[in-house]
Amino acid sequence: AKAVDDLNASTISTAVMISVKDNILPVVTISSPANGTTGIAPASFTIKANATDSDGSIVKVEFYNGATLLGTSSGNPYTYDWINIPAGVYTLTAKAVDDLNATTTSSAITVTITNNSAPTLSIIEPLNGATEIAPANFNIKVNANDNDGSISRVEFYNGSSLIGTDVTSPYSQDWTNVPSGMYTLTAKAVDDLNAESTSTEVKITVKDNSAPTVVIAAPVNGTTAIAPVNFTIKANAFDSDGNISRVEFYNGTTLLGTAITNPYTFDWNGVTAGIYI
C-alpha cells in the first residue's frame, strides 16, 4: 500500500503475500450396507460412509433416504443407526460437508425391505381320523418350510398341551403310551425371525381293545362217540372292534391246532376212549 500526504510525499508498505485457491470438493461413498441389500421388516441397519477432504477437513456427513434427512454424523467413523425400518424400497445417499462448506453427495444405493412370510406346515402322520388301540404309540411327522428364511423349531401339541419340540429336519415327535380317548393334534412352526404358523388340526382316537367272543359250535357239549373217532371242531369267533387273528383249539391245556380263516375249524382224528374238555 502506498500512502501520499498533502505535500505529495509517499511511503510504500512492506509487501503482504496472499494466495487464493479453488476449494477441492470432499469425497464420500457409502460403504455399508451394500447396494441391493435386502432385509425383513422391521429391519435395522448401521449406515456407514467413508468421507475425506484433500485440502481441508470433513465437518459432517448427512445421511438421506431420498430427500429425507435420516441423521448426521460429525466424527469419523461416519455412521447412522437406522432402526425399525418398515417394508419398502429405499434410496440412500450420504452428503459430506467440508470446513469451507463445500458439499459432495455420494452415489445412491438401493435397499429393499420386505415383510417376513410366516412358515408353512402340515401334519403328515398320523392321518386325520386315525384310530389306534390303547396304549398307543405315535410318531407325529410334519412338513415345514419357510420360503424367506429357515425353520427355528416345530412344537407339537395335544390340544393346548405341549407334547414336545424338534429343532432339526425332518421334524417329528414320538408320543408314547397314549391312553384311550379322543385327541386333537396340531403343530406350530417358528421361523428364524420368530414368525409362526399353526397346522390344521388332526383328530385321532385311541380306544381300549374289546376282547373277542368265541363259542364252539360243534361238537355240542355232552357229545358221546365210539373210539376211535374223528371230530371236526368248529368255532364261531367275532371281534366287535377289530378282526380275528386266529382261533386256537385245546384239549385241556394241550393245543390241538390253529385256524386263521373263517370258518374256524380243526380236524381232530383218531380220538381214543376218554373224557375230553
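Computed from a prediction, not measured in an experiment: that's the story for all the values here.

Chemist: Any chance you could break down the environment of Ala94 for me, citing the residues and the numbers?
Modeler: Checked against the element boundaries, Ala94 lands in strand 9 (residues 88–98). Assessed through its relative accessible area of 0%, Ala94 is described here as buried. Put simply, Ala94 and Leu25 are 69 residues apart on the chain and 14 Å apart in space, counted from C-alpha to C-alpha. Look past the residues within four positions of Ala94 in its chain and what remains in contact with it is Val28, Ile30, Ala49, Val61, Glu62, Phe63, Thr104, Thr105 and Ser106.

Chemist: Tell me about the environment of Ala211, and please be specific about residues and values.
Modeler: On the secondary structure map, Ala211 appears in the loop between strand 20 (202–207) and strand 21 (213–218). Residues Ala211 and Val111, 100 residues apart in the sequence, show an inter-C-alpha distance of 69 Å.

Chemist: I'd like to hear about the sheet that holds strand 5 (residues 43–52), residue by residue, with values.
Modeler: Pairing is antiparallel across the open sheet formed by three strands, whose spatial order is 3-5-8. For this open sheet the edge positions go to strand 3 (27–32) and strand 8 (78–85), each flanked by a neighbour on one side alone. Adjacent strand axes in the sheet meet at a mean angle of 25° when their direction is disregarded. Pairing analysis gives five bridges linking strand 3 to strand 5, with the strands arranged antiparallel. Following the sheet pairing, Val28 is matched in strand 5 by Ala51.

Parameters at a glance
- Residues numbered from 1 in each chain as written.
- Predicted model: local features only at pLDDT ≥ 70, side-chain atom pairs only at ≥ 80, totals over all residues.
- Heavy atoms only, no water.
- Helix = DSSP H or I, 4+ residues; strand = E, 2+ residues; numbered from the N terminus.
- Buried < 20%, exposed > 50% of the residue type's maximum accessible area, 1.4 Å probe, protein only.
- Contact = heavy atoms within 4.5 Å.
- Pairing = 2+ DSSP bridges.
- Axes fitted to C-alpha atoms, helices over the stretch in contact; angles between N-to-C directions.

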